[in-house]
Each structure stands twice: as structure tokens, then as C-alpha cells.
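The primary structure of each chain is shown beneath.
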Amino acid sequence: MDIKQKNRRTTRRLALVAVGMFGFGFALWPLYSVLCEVTGLGGRAIQISENNSAAVASNRVVSIRFDASVNSSLPWEFKPKEKVSEYNLGVPSTAYYVAANPGTETVTGQATYNVMPPEASLYFVKTECFCFTEQILAANESREMPVYFYIKPDLPEHIRDITLSYTFYRHGYDPSDRTAHN
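This section reports on the structure supplied with the text. (Residues numbered from 1 in each chain as written. Predicted model: local features only at pLDDT ≥ 70, side-chain atom pairs only at ≥ 80, totals over all residues. Heavy atoms only, no water.)

1. Here's the deal with the overall build of the chain
Stated formally: Runs of H or I in DSSP of at least four residues are treated as helices and runs of E of at least two as strands, each being numbered from the N terminus. Burial here depends on accessible area, computed with a 1.4 Å probe over protein chains only, as a share of the maximum for the residue type. Under 20% is buried, over 50% is exposed, and the range in between is partly exposed. We get accessible surface area from the Shrake-Rupley algorithm with a probe of 1.4 Å; when it comes to residues, only the shown protein chains can shield them.
For the chain, the helix and strand inventory stands at one helix and nine strands. In the chain, the succession of α and β elements from N to C terminus is α-β-β-β-β-β-β-β-β-β. The burial tally for the chain puts 34% of its 182 residues in the buried class. As displayed, the chain has an accessible area near 11300 Å², and 55% of this comes from carbon and sulfur atoms.

2. Topic: the environment of P118
Mapped onto the elements, P118 comes out in the loop between β5 (107-116) and β6 (124-129). Linking P118 and T163, residues 45 residues apart in sequence, is a C-alpha distance of 9.7 Å.

3. Thoughts on the sheet that holds strand β4 (residues 93-101)
Our working definition: Should DSSP find at least two bridges between two strands, the strands are regarded as paired. Lines fitted to C-alpha atoms define the axes, with helix axes restricted to the stretch in contact, and inter-axis angles between N-to-C directions lie between 0 and 180 degrees.
Strand order in the open sheet formed by four strands is β2-β4-β8-β6, with antiparallel pairing between adjacent strands. Of all the strands in the sheet, just β2 (77-80) and β6 have a single pairing partner and so form its edges. Shown here is a sheet whose adjacent strand axes are inclined to one another by a mean of 25 degrees, direction ignored. As judged from the five bridges shared by β6 and strand β8 (residues 141-151), these two strands associate in the antiparallel manner. Of the residues in β8, the one forming a bridge with E128 is Y148.

4. Remarks on the sheet that holds β5
Ordered in space as β3-β1-β9-β5-β7, the five strands form an open sheet in which the pairing is mixed. Of all the strands in the sheet, just β3 (84-88) and β7 (135-137) have a single pairing partner and so form its edges. Here the strands of the sheet are splayed against their neighbours by 35 degrees on average, with no regard to which way each runs. Here five bridges tie strand β1 (residues 61-70) to β3, and the two strands are oriented antiparallel to one another. Within β3, the position partnered with V62 by the bridge is Y87.

5. What about the nonpolar core?
Put simply, the test is: The set of buried Ala, Val, Leu, Ile, Met, Phe, Trp, Tyr and Cys residues whose side-chain atoms join them within 4.5 Å is what this entry labels a nonpolar core. By the convention used here, residues are in contact when the closest approach between their heavy atoms is within 4.5 Å.
Formed by 32 residues in total, the largest nonpolar core has its most connected members in I64, F130, I151, L155, I162, L164 and Y166. Among the elements of the structure, β1, β4, β5, β6, β8 and β9 (161-170) are those that each provide at least two residues to this core. Setting aside its immediate chain neighbours within four residues, I151 contacts V62, I64, L89, G90, Y123, F124 and I162.

6. Digging into the pairing of β2
On any regular strand, side chains alternate: one points to one face of the sheet, the next to the other face. Alternating positions in β2 separate cleanly, F78 and P80 being buried on one face and E77 and K79 remaining unburied on the opposite face. With four bridges connecting them, β2 and β4 associate as antiparallel partners. If you follow K79 over to β4, its bridge partner there is V98.

7. Focus: the side chain of S63
Checked against the element boundaries, S63 lands in strand β1. Owing to a relative accessible area of 15%, S63 belongs among the buried residues under this scheme. Contact partners of S63, with chain neighbours within four places excluded, come to V84, S85, E86, R160, D161 and I162.

8. Here we look at the packing of aromatic side chains
Here is the rule we go by: Here the aromatic set is Phe, Tyr and Trp, taking the six-membered ring for Trp, and pairing holds for ring centres within 6.5 Å; pairs whose planes are under 30 degrees apart are stacked, those over 60 apart are edge-to-face, and all others are tilted. Charge-over-ring contacts are defined here by two conditions on Lys NZ or Arg CZ: a distance within 6 Å of the ring centre and an angle within 35 degrees of the ring normal.
A full pass over the atoms with the stated rule returns 13 aromatic pairs. Plain terms: the ring middles of Y87 and F149 are 5.1 Å apart, the flat faces sit at 70 degrees to each other, and that makes the pair edge-to-face. Residue Y87 is located in strand β3, and its partner F149 is located in strand β8; the two are separated by 62 residues in the primary sequence. Here Y87 matches F149 in class, with each residue buried. Measuring from ring centre to ring centre gives 6.1 Å for Y113 and Y166, while their planes differ by 55 degrees; the resulting arrangement is tilted. Here Y113, found in strand β5, pairs with Y166, found in strand β9; they are 53 residues apart in sequence, far enough to count as distant. Residue Y166 is classed as buried on the basis of its relative accessible area of 0%. A connected cluster of aromatic rings, assembled from ring pairs, spans F66, W76, F78, Y87, Y97, Y113, F124, F130, F149, Y166 and F168. Over the face of the ring belonging to Y113 we find K126, whose NZ or CZ atom lies 3.1 Å from the ring centre.

Put into C-alpha cells, the structure is as follows:
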């Protein structure tokens, strides 16, 4: 085999590798989304449900602890209305948080959430939440922020307590920028 044939074969292989890398890069976002749904990373296993009829009521009760915090980049106060409450599985429920902006300027925040234990995130279904969108609070404004949810009736028996945690960040906050908003 002469050098031209070897070069052509090498060029074809490199072209196939480049096409494969492009395809992998193109498929990376959907693969990441599936990974997050399966593992519960970033709370993404909590699905928005258009159809609450999938929830079937159960006599089983679980305790939910509500947790709230605010990143130092955001000058807000944020807390749950109730620290702990009990809920029947499969029953559409509502919990309320309260956010307040005691500052002198309008500020936009965005909440992230986490469900513990991680296995419970596969059974905790939010149908509507303030964390799905940016929240804008004017100076000295406070607001109740509801979370509509249900817990799937097939929640494993060993899970009796769930913690739903939220952290509010200033919209556009970059945790790698240590000088921002100090």
C-alpha cells in the first residue's frame, strides 16, 4: 500500500471521528437531561405534571420538612410558612414560602431546589412552583410563593421523611465570580 492510500484511509478515519464527535456533542444535551431525570441530579427528576389524575390517594402519610436559604448575592429574606407538615401520598397538596426584599431596589431572583433523600425526588411531583421562573420583588415587597405538588403513592416504604430545600440566588449570579455583589 502506498503513502497516498494510507493518507486517504487516515483522512477518512479522521473525518469519521470528527463526524462522530459532532454527533456526540449534538446528543449530549438530551443525554444529560435523561441522566438528570434518572438520577435526580439538580432536582430534575421532579416532573411538571399536566395531569394530576395520575395521583391516586393513599392513607399513607409522610412528613415533609421545608427548608429555605438565600445566597449572599441576593439581599432577600426567604422562609417556609411551615417548617414541617404531613401529607398523604397521591393527594395534590400546597406548601407556601415567603420571600421579602427589604432593600431599596427591585431585584430579580431565581430559586433552585433539592429533594432529600435523593431517591424521594423520583416520587415527588411538582405541578407548579415559583422555582420554575424568575421572581421579581420590588423594594420592600414581600410575597407568598406556593408550591403545588403530590407524592406518588408508590414511594418506597422506608422513606418516611422528605426534605424540600430551596436556595434563592440573584438572577444571573455566577458562583465563580467571587467579586460579584460584595
